[in-house]
Amino acid sequence: MTFWEMVDTYWLYYLVGRYPEGPLGGLALTLLLASAGLALAIPLGLLLGLARVSPWRWLSGPVTLLVYVVRGTPLLMVVFWAYFFLPSVTHVKTDQFTTMLLALVLFDGVYLAEIVRAGIQGLPRGQVEAARSLGLSYIETLRFVVLPQALRHMLPSLVNQFVTTIKDTSLGYIIGLTEVSQVATQINTLVFVFPTQIYLILGLTYFILCFGLSRVAFWLERRLAQRNSTSVKTQP
Amino acid sequence: MIRFENVNKWFGDYQALVNINETIRQGEVVVVCGPSGSGKSTLIRTINRLEPIQSGRILLNGEDIHRSGLNLNEFRSHIGFVFQQFNLFPHLTALQNCTLAPMRLHGLKPGAASKAAMALLERVGLAHKADAYPSELSGGQQQRVAIARALAMQPPLMLFDEPTSALDPEMVGEVLQVMRSLAREGMTMICVTHEMGFARDVADRVLFMDAGQVLEEASPDTFFLDPKHPRARQFLADIRIPFSPTL
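Reading the values: the criteria
Residues numbered from 1 in each chain as written. Chains lettered and ligands numbered in written order. Predicted model: local features only at pLDDT ≥ 70, side-chain atom pairs only at ≥ 80, totals over all residues. Heavy atoms only, no water. Helix = DSSP H or I, 4+ residues; strand = E, 2+ residues; numbered from the N terminus. Buried < 20%, exposed > 50% of the residue type's maximum accessible area, 1.4 Å probe, protein only. Contact = heavy atoms within 4.5 Å. Lys, Arg positive; Asp, Glu negative; His and termini not counted. Charge placed at Lys NZ, Arg CZ, Asp CG, Glu CD. Buried area = accessible area lost by both parts, 1.4 Å probe. Salt bridge = Lys/Arg side-chain N within 4 Å of Asp/Glu carboxyl O. Polar contact = N/O pair within 3.5 Å; in protein donor to acceptor, adjacent residues only side chain to side chain. Nonpolar A, V, L, I, M, F, W, Y, C, P; charged D, E, K, R; others polar. Disulfide = S-S within 2.5 Å. Axes fitted to C-alpha atoms, helices over the stretch in contact; angles between N-to-C directions. Parallel < 35°, antiparallel > 145°, perpendicular 65-115°, else oblique. Left-handed = near helix turned anticlockwise from the far one by under 90°. Pairing = 2+ DSSP bridges. pLDDT = per-residue confidence, 0-100. 1 Å grid on protein atoms, 1.4 Å probe; cavity = no way out; pocket = protein on both sides within 12 Å on 5 of 7 lines; lining within 4 Å. Points joined across faces, edges and corners; volume = space filled by probe spheres on them.

Next up on the list: the overall build of chain A. Across its full length, chain A holds nine helices and zero strands. By principal-axis analysis of the C-alpha atoms, chain A measures approximately 75 × 45 × 30 Å. Each of the 236 residues in chain A was classed as buried or not, and the buried ones make up 46%. Counted over contacts in chain A with a minimum sequence separation of 6, partners at least 24 positions apart contribute 71%. Chain A carries 16 positive and 11 negative side-chain charges, and their two centres are separated by 15 Å.

The structure is reproduced here in structure tokens:
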């Protein structure tokens, strides 16, 4: 089998797995997992981050504990928890996709929460004081004054975390999820003679995804910066 | 209008306000001055509860403002506060800075809020900068927008915390001009400032503070021409000839 014969035979399998006859897999599954993970982790991260900076101890305390536990644990361990521990509690066998998704959302949510916290606490104290002295409530101050500014400052760190999420989907391999790394390994086992090429293609695939996302973010950042600069230049 | 009764405040071990007893009447313009660290900023920050107090009472129109259960947001919306560092919201235009609070708190429609805010920007001489972002304005312009933003809530009382101290010298005049016209219109104002010309022009009273205490209170003329307390004399000498060598 030549290299091009291999490409001709397996390209569709690489892209979508055994879909539509069998379950979805390959690159499509990786994309689905990454986007679903981010879509759920962003609101979770925002909520956890707000909880962490909230003045109410009963709320910030437990969330801080969660952040420390998850941050002090490898993602692989979180995946194992979700895979082995979760079914023993719920008595429902979660499928591999859901398992991986849950682990990713929890892990990313915690990291995003720390980014949100840093973004909020990085704002000058006077911004909150000015808003509160006008009579805006804590929530109104967050929504109309703090978050619009903080989110803009957070953008580079957020993108960093998004890129990490895309790459982290590859850990689904370990619990037998047929995402693109698993599929590449399967193809390698079947074909056997082109390991270098196969894993180069796999690496290139991740690179294109992450690079593309970085460019989109860069473009977004520039557009926001053009509209107005958030630093008040005349302040000492 | 405002009464301080035996107010004490500590930052940890450090006592920032010592037994403050003071009354400020409706329509009065009071200037608070004193060396840095004397507690003057702390004093006016306790009036809208940006700083808590540890003992004593502050009454606004007879109501204890540091009691728990006070509707803090409602209460603060009746006091305008102008900061040394302006603290405009950098992601909003000058106009939006002035419409945010009235729209949220008074439930004004955008049209009505903009109209009212434009009138205020006109009053501080910045109607033509309504769509500019704070980063596009000079320091003096930013501070004038900040005054307009505070006025937008139609507060009966305005507090100024060293409003001209962060400004380049040539911009001080334009801000004082706005404050002068406010004072002449009968606004109750408490201004922490070292602008002696301003104090002589419009202040009804000057309070001199040092080490958390009000050491002297007098009419501007009496205070500037014939200060009683030695510390006040020293202070006035220092700010008049700032770089004189100590002999």
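At the interface, 27 residues of chain A touch 28 residues of chain B. Summing both sides of the interface, chain A and chain B together bury roughly 2500 Å²; the carbon and sulfur share of this comes to 57%. At the junction of chain A with chain B, the criterion picks out one salt bridge. One salt bridge connects A:E129 with B:R45, and the closest N-O pair in it is separated by 2.6 Å. Remark: the boundary between chain A and chain B carries five residue pairs in polar contact (both at pLDDT 80 or more). Secondary structure elements with two or more residues in the side of chain A that touches chain B: α6 (125-133) and α7 (138-168) of chain A. In terms of residues, the side of chain A that touches chain B owes the most to one element, α6(A), which gives seven residues. When grouped by side-chain class, the residues that make up the side of chain A that touches chain B number nine nonpolar, 12 polar and six charged.

This brings us to the state of the cysteines. Here the structure, examined in full by the defined rule, presents zero disulfides over all chains. Here B:C98 is not cross-linked by a disulfide; its sulfur's nearest cysteine counterpart is in B:C191, at 19 Å.

With that settled, the discussion passes to the packing of helix α3 (residues 94-105) of chain B against helix α4 (residues 110-123) of chain B. Residues and elements named next belong to chain B. Interaxial distance between α3 and α4 falls to 9 Å at its minimum, and their mutual angle equals 125°. As judged from the angle between their axes, α3 and α4 are oblique. Relative to α4, α3 is oriented so that their crossing is right-handed. Counting all contacts with α3, which are made through A94, L95, C98, T99 and M103, the residues of α4 involved are P110, A113, S114, A117, M118 and L121.

Here we come to the pairing of strand β4 (residues 55-60) of chain B. Residues and elements named next belong to chain B. Sheet topology places strand β1 (residues 2-11) next to β4; five bridges connect them, and they run antiparallel. Counted as the bridge partner of N8 is S55 from β4. Across two bridges, the pairing between β4 and strand β5 (residues 63-64) is antiparallel. Counted as the bridge partner of L60 is E63 from β5. The hairpin turn running from β4 into β5, its antiparallel successor, is two residues long, and N61 in that turn takes a positive phi close to 50°.

Extensive coverage of α6(A) is indicated by the burial of seven of its nine residues. By the burial criterion, the buried members of α6(A) are A:G126, A:Q127, A:E129, A:A130, A:A131, A:R132 and A:S133. Buried residues belonging to α6(A) abut α7 of chain A together with α1 (40-47), α2 (72-76), β6 (79-82) and α5 (139-151) of chain B. Two residues or fewer past α6(A), A:G135 is found with a positive phi of approximately 105°.

As summarised here, the arrangement of the four strands in space is β2-β1-β4-β5 (chain B), forming an open sheet in which the pairing is antiparallel. Whereas interior strands pair on both sides, the edge strands pair on one side only; in this sheet they are β2 (14-24) and β5 of chain B.

Per-residue confidence for chain B gives a mean pLDDT of 92, with 97% of residues at or over 70. On the interface metric, ipTM, the complex scores 0.90, and its pTM is 0.85.

Residues and elements named next belong to chain A. By volume, the largest pocket amounts to about 280 Å³. If you trace the largest pocket, you find it lined by V53, I120, Q121, L123, P124, R125, V128, R132, Y138, T141, L142 and V146. Going through the elements one at a time, α5 (96-121), α6 and α7 are the ones with two or more residues in the lining of the largest pocket.

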